[in-house]
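Given next are the chains, with one letter for each unit.
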Amino acid sequence: MKKYIAVILTVAVIVSAMYENPTVADQVSVKDVYGECYGDQLSDNTTDISRFFYDQMIQNYIYQEDDIGNEENKWTGLAKPLENKGIFTPQNQNFTLKKLFNSKEDFNANQETWRDTEIKVLKDCIRDAFDAFVKDYPQVYWLDSMESKISLNMSSKTVADGIEGTIVIQVTMTPVEYETGMSQYISEFDAAVCQAKEDIIQKYNITAETKEENIVKAIHDYITSQVDYNHQAASSMEEEQQKYNYAHTSVSVFLKGKKWNNLIMCEGYAKAFKILCDAFQMDSALLIGESINPQQEKEAHMWNAVKVEGKWYAVDVSWDDQGDNIYYVYLLAGKKSKGYYDLYERDHVTTDQFSSYEGSKSFILPQISEIGFWQEPEHMTSQKTTEDPTENITGGTNPSDTNPSDTNQDNNPYEQEENPGQNGNHSGPSIDIKDEDGNSYVWKLTGVKNVVYTGKKVRQNLKLSCDGKILKEGTDYLVSYQNNLNVGKARFTITPIGKYQNTKPSSFSYTFNIVKASIKKASVGKIKAQKLKRGKAAKPSIKLKFHGKKLKKGKDYKISYKNNKKKGTAKIILKGKGNFKGKRTVKFKIK
């Protein structure tokens, strides 16, 4: 259950509509390009005080240098604990709102319209401030929304030019948690973030000389090593979403062994990435919008932009995390970078409005470089595929699983595997490997095919040869599978053993598609004849089984009825969903 935290903000505000004598000491001008944060684009003047509210959120939620000093290895940006602090402290900022009316009658006739207009403007300022704040500071992981209540007093007095009306506005803001009790872990969360930074430094050999791109890669690899995408949270019905609130935050990356363990979706990956970029003092931003698959189906999505050597690049950690392996397709990608099935600029479409309310502010986004950091112009093409994506990621060409642990070297992680043909049957790549004595071998993989969904985990009838000699599974190599149950992009990993043990690479992976099965292949249980009831349509239940497994309505198929309001023959129309495709019609009798 979402919790409304008891501590509130109360601010006395007097706002001026005459604009002649702004009383804000330091006016903030809106930037026309993305700076270091979205908050840079907020105003603080006599007509727009969104920056005022944004600054108050920072002051009361986020540690600054004055709070923790400049101790060695410390960094600002951790979330403040809420205990005994309150969310905001009352401010004495004066924003004078005055308006000249011709007469007392004119004031009386127009004061309600004037008041309503100013309330809407102020609410928009609060919303814009909140939109910018939660994108700039995802470390305030528990904060879901901000409720605001605005009350005001109006007065008038006679002046030389007529009647001067004045509004004094009082704002009460109440922050709302994603779920009751989330904020109690703030101190533990902050400590875990600091520890994660130290772990990255140690594990990936980060030094003062480490290049920015390698720090980004280390953060990318660390996050994917900590969590797996939670398909259940992503595919849950709308009425079940409440129990997966944690999946929209980064807590699974940093806090282990709690009820939310491994509950994470794209939002969590992206927020964790920004939090760690902040820890390493690297410019980054959250991007929101839609991912688009080959069928032009859209899905809400969140990912990142990060600045390396003065240019902005895209990073999508959740799409690069497929089970046990780390991919680099969306690590420092450019607009023309190859994605899994299309160019980045076509499969990731950003929006500049972070809220859906009328009048929502359009923010300026970081401008992603045309070419990815590691990619050259000749790689700026892409072959589309026609298969559906997996539950959280689309398939196509995948990078090599070779993953150098030394992030100080200039390796290009975009080395691609051979792209499967669209006919569903394809041979694997030829792979050059070397043993510990420096001997070279050429491995050739054949027999890889796309597979129709069966309801059970599928395997490939692989043939692996070395310099023309057929190798034996269990003697010369081992095969492990990932994501090989449901429709989407499945993967297997081959690990050399025996005489080929200790080779480089130590393992390599390849992908294949599990495609949807026809709903017509499901068996249908017998439907009893229905009795017609006055004023009611006959809607008998139906039992569907596929390879002995009972199918679920809403998950595996949709159901509708035809001619079911009168005696005779009626129809049930079944439409495949999830792992199934196609339609089928089943008849039943109405007496």
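The preceding data block contains the structure.
So, here is what we can say about the structure in this document. Note that this is a predicted model, so its numbers are computed, not measured.

**Observations concerning the sheet that holds strand β23 (residues 523-524)**
- Across the sheet, 3 strands lie side by side as β23-β24-β25; this open sheet has antiparallel pairing. Bordering the open sheet on either side are β23 and β25 (549-550), each of which pairs with just one other strand.
- Summarising the sheet, β23 and strand β24 (residues 544-546) pair through 2 bridges and their orientation is antiparallel. When the bridges of β24 are listed, serine 523 appears paired with lysine 545.

**A look at the packing of helix α4 (residues 186-203) against helix α8 (residues 266-279)**
- Running from N to C, α4 and α8 cross one another at 70°; their axes reach a closest spacing of 10 Å. Relative to α8, the element α4 lies roughly perpendicular. Of the residues in α8, those in contact with Phe189, Val193, Ala196, Lys197 and Ile200 of α4 are Ile275, Leu276 and Ala279.
- When grouped by side-chain class, the residues that make up the contact of α4 with α8 number 7 nonpolar, no polar and 1 charged.

**Let's talk about the pairing of strand β14 (residues 440-446)**
- Of the two faces of β14, the one holding Tyr441, Trp443 and Leu445 is buried and the one holding Ser440, Val442, Lys444 and Thr446 is not buried anywhere.
- Sheet analysis places β14 next to strand β17 (residues 463-466), joined by 4 bridges and oriented antiparallel. Across the sheet, the residue bridging to threonine 446 is lysine 463, located in β17.

**A few points about the environment of glycine 488**
- Among the structural elements, glycine 488 can be located in strand β20 (residues 488-496).
- You can call glycine 488 buried: its relative accessible area is 2%.
- Distance in space between the C-alpha atoms of glycine 488 and tyrosine 453 is 9.4 Å, their sequence separation being 35 residues.

**Observations regarding helix α3 (residues 104-136)**
- For α3, which comprises 33 residues, the first-to-last C-alpha distance of 46 Å matches the rise-based estimate of 48 Å (1.5 Å per residue) to within 8%.
- Where α3 bends most, at asparagine 110, the angle is about 50°.

**Brief notes about the packing of aromatic side chains**
- The final tally for this structure, using the stated rule, is 24 aromatic pairs.
- Pairing tyrosine 38 with phenylalanine 363 gives two aromatic rings, centres 5.7 Å apart and planes at 75°, and the pair type is edge-to-face. Here the residue tyrosine 38 occupies a position in the loop between β1 (9-14) and α1 (50-61), and phenylalanine 363 occupies one in the loop between β11 (348-350) and β12 (425-426), the gap between them amounting to 325 residues.
- For tyrosine 38, a relative accessible area of 0% puts it in the buried group.
- Plain terms: the ring middles of phenylalanine 101 and phenylalanine 107 are 5.2 Å apart, the flat faces sit at 80° to each other, and that makes the pair edge-to-face.
- These aromatic residues form a ring-pair network of at least three members: Tyr34, Tyr38, Trp312, Phe354 and Phe363.
- Lysine 197 extends its terminal NZ or CZ atom over the ring of phenylalanine 280, reaching a point 5.6 Å from the ring centre.
- Positioned above the aromatic ring of phenylalanine 363, the side-chain terminus of lysine 361 is 5.6 Å from the ring centre.

**Details of the pattern of salt bridges**
- Applying the stated criterion across every chain, the model contains 14 salt bridges.
- As a salt-bridge pair, arginine 51 and aspartate 55 come within 2.8 Å of each other at their nearest N and O atoms. Separated by 4 residues within a single helix, arginine 51 and aspartate 55 lie in helix α1, roughly one turn from each other.
- Look at arginine 51 and you get buried, because its relative accessible area is 15%.

Conventions used here
Residues numbered from 1 in each chain as written. Predicted model: local features only at pLDDT ≥ 70, side-chain atom pairs only at ≥ 80, totals over all residues. Heavy atoms only, no water. Pairing = 2+ DSSP bridges. Helix = DSSP H or I, 4+ residues; strand = E, 2+ residues; numbered from the N terminus. Axes fitted to C-alpha atoms, helices over the stretch in contact; angles between N-to-C directions. Parallel < 35°, antiparallel > 145°, perpendicular 65-115°, else oblique. Contact = heavy atoms within 4.5 Å. Nonpolar A, V, L, I, M, F, W, Y, C, P; charged D, E, K, R; others polar. Buried < 20%, exposed > 50% of the residue type's maximum accessible area, 1.4 Å probe, protein only. Expected span 1.5 Å × (residues − 1). Bend = angle between axes of the 7 residues up to and from the residue. Phe/Tyr/Trp six-rings, centres within 6.5 Å; stacked < 30°, edge-to-face > 60°. Lys NZ or Arg CZ within 6 Å of the ring centre and 35° of its normal. Salt bridge = Lys/Arg side-chain N within 4 Å of Asp/Glu carboxyl O.

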